[in-house]
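Residue-level structural notes
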Amino acid sequence: MFKTLPGFRAFYPEDCARRNLIFGEWRKTAESFGFLEFDPPVLEQIELFTEKSGEEIRSQLFGFFDKGGREVSLRPEMTPSLARMVGERAGGIRRPVKWFAIGENYRYERQQKGRLRAFFQFNADILGEPSVNADAEVIALLISSLRALGLTSEHFKLRLGDRKLWALFLENEGVPEDKMTAVLSAIDKLEKVSEEAFLEIVGQALGAGESETGRLVSRVREFIKLSDIEEVGKAFDGGVVPRGEIGARLDDWRKLAKLLESLGVGEFVQPDLGIVRGLAYYTGFVFEAFQTVGKGRALAGGGRYDSLVGKFGYQDMPAVGFGMGDVTVADLLELVGLTRSRDTAAQVYVVIGGEQARPDALRLISCLRKSRFRVDYPLKQQNFGKQFAQASAIGARVAVVLGADELAGGYVKVKDLADSSEDKVSIECLEGYLRRKFGL
Ligand code: HAM
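Presented here is an overview of the structure given in this document. (Residues numbered from 1 in each chain as written. Predicted model: local features only at pLDDT ≥ 70, side-chain atom pairs only at ≥ 80, totals over all residues. Heavy atoms only, no water.)

1. Focus on the sheet that holds strand β2 (residues 43-45)
With respect to topology, 3 strands assemble into an open sheet ordered β2-β4-β3, the strand pairing being antiparallel. The strands lining the two open edges of the sheet, one partner per strand, are β2 and β3 (63-65). Each adjacent strand pair in this sheet contributes to an overall mean axis angle of 35°, direction not counted. Sheet analysis places β2 next to strand β4 (residues 71-74), joined by 3 bridges and oriented antiparallel. Bridge assignment links Q45 to a residue of β4, and that residue is V72. (Pairing = 2+ DSSP bridges. Helix = DSSP H or I, 4+ residues; strand = E, 2+ residues; numbered from the N terminus. Axes fitted to C-alpha atoms, helices over the stretch in contact; angles between N-to-C directions.)

Encoded structure:
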């Protein structure tokens, strides 16, 4: 017997119906924000992912050599492919680029609740716009797409951090430029490891002794707790970074907060300098949406990555975006009783009264399908009882009966399967009758 591989899911029709409802809301919300859908390849040259995303992703790649001897990998995320696709057209592309994608990603991670090896992600990114207006737009889309699923500020919050502010802070504390990314990725682990382990990770990143590391770690611990902009400003007092630079960044924070208020999502956003993000390419505001009920898992994460396109060798292009996973979102919907499915059951079941009526029944079925009704019928000869039972079992709303008598008279009988009421409807009027009945 064969089993599904660890971390992979087999989607039965009922699972697809649930998943497609989520995808549908994501797609509708993205389109309502003026985003266009794109679709990158699932398999890429491995370097696309090993170059700029950082150590964590590198260790999780589903990589292998293909038959042509190329080293390739299933995509662990979509951002590098997006950067390449936009980079290839950077010369002539209309800006801002507002693109979204829904697709499966693959990471060879330790499987746990909410973390799989194959998971879907909804990605939405804006490229070509450096101002906080773009950050506000993607954050509003992230929040709106969760709200479209029925979730509210009781169920999730968005924690907003800032790698640019961290870079200024670390510079102010004397951390050399070339150690910045390593120290930031160490800070990303602060909430996840013990105090001793954290000291050790920072020490390694900094390449410094115990006392210097200890001093930095205690300053980091103070800084990370701050959530008030004015307090943040004071943490820079007496340092080397010019006040103007810090002031300009704090102004960005104020601007962003105002924009998010105006976009109607302010209540979801909490400043939190503990959010630095694991991926190495982020350069500015970074954010994660967390559920505030149950286990507090991450639903989505993203941020600004202004140098990725340029680092791939294309014309520089500022960028900001997020990825939202289907696993934790579906778990949360279930936890709070909001699971819904896309309605895919046939609306009409055509009951065929004798095999001689089958050709006419098929013609009728084909007309109804052309008009976009969902229609099903028996594939073999069956008595009426069996056909009606099947109509109910698949959740059809009506059974349309077509037999010799009906054919001779040019009409059908339509039985409402909920209340068993029956109408005689002429074949020409059937479509209009069904539209009215289904409220279409
Ligand atoms: P990420 O934080 O690695 O960011 O992933 C974003 C979301 O994808 C997570 O919050 C989580 O919901 C989901 N996710 C990640 N890994 C797994 C997994 N193993 N199993 C289930 N769900 C998972 C990125 O991927 C960035 N590329 C997002 C981005 C787009 N940044 C800018 N644009």
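2. Comments concerning unusual backbone geometry
Between R95 and the following residue, P96, the backbone shows a cis peptide bond with an omega angle of 0°. Following the sequence through the fold, P96 ends up in the loop between α4 (79-88) and β5 (97-106). A positive phi angle, close to 75°, is found at R277, a residue other than glycine. Inspection of the secondary structure assignment puts R277 in the loop between β8 (269-271) and β9 (285-291). Classification of R277 by relative accessible area gives buried; the value is 12%. (Buried < 20%, exposed > 50% of the residue type's maximum accessible area, 1.4 Å probe, protein only.)

3. What about the site of the ligand?
Around the ligand, the surrounding shell holds 27 residues, and the nearest of these are E77, T79, E109, D125 and Y282. In this structure, an oxygen atom belonging to the ligand sits 2.9 Å away from a side-chain N or O atom of R107. In this structure, Q121 approaches the ligand through a side-chain N or O atom, which is 3.0 Å from an oxygen atom. Relative to its free-state accessible area of 660 Å², the ligand is covered by the protein chains to the extent of 96%. Listed by contribution, the elements that provide at least two residues to the shell around the ligand are β6 (118-127), β10 (298-304), β11 (319-325) and α13 (326-335). It is β10 that provides the largest number of residues to the shell around the ligand, a total of 5 residues. By residue class, the composition of the shell around the ligand is 11 nonpolar, 10 polar and 6 charged. (Near = heavy atom within 4 Å. Polar contact = N/O pair within 3.5 Å; in protein donor to acceptor, adjacent residues only side chain to side chain. Areas by Shrake-Rupley, 256 points an atom, 1.4 Å probe, with all protein chains shown as cover. Nonpolar A, V, L, I, M, F, W, Y, C, P; charged D, E, K, R; others polar.)

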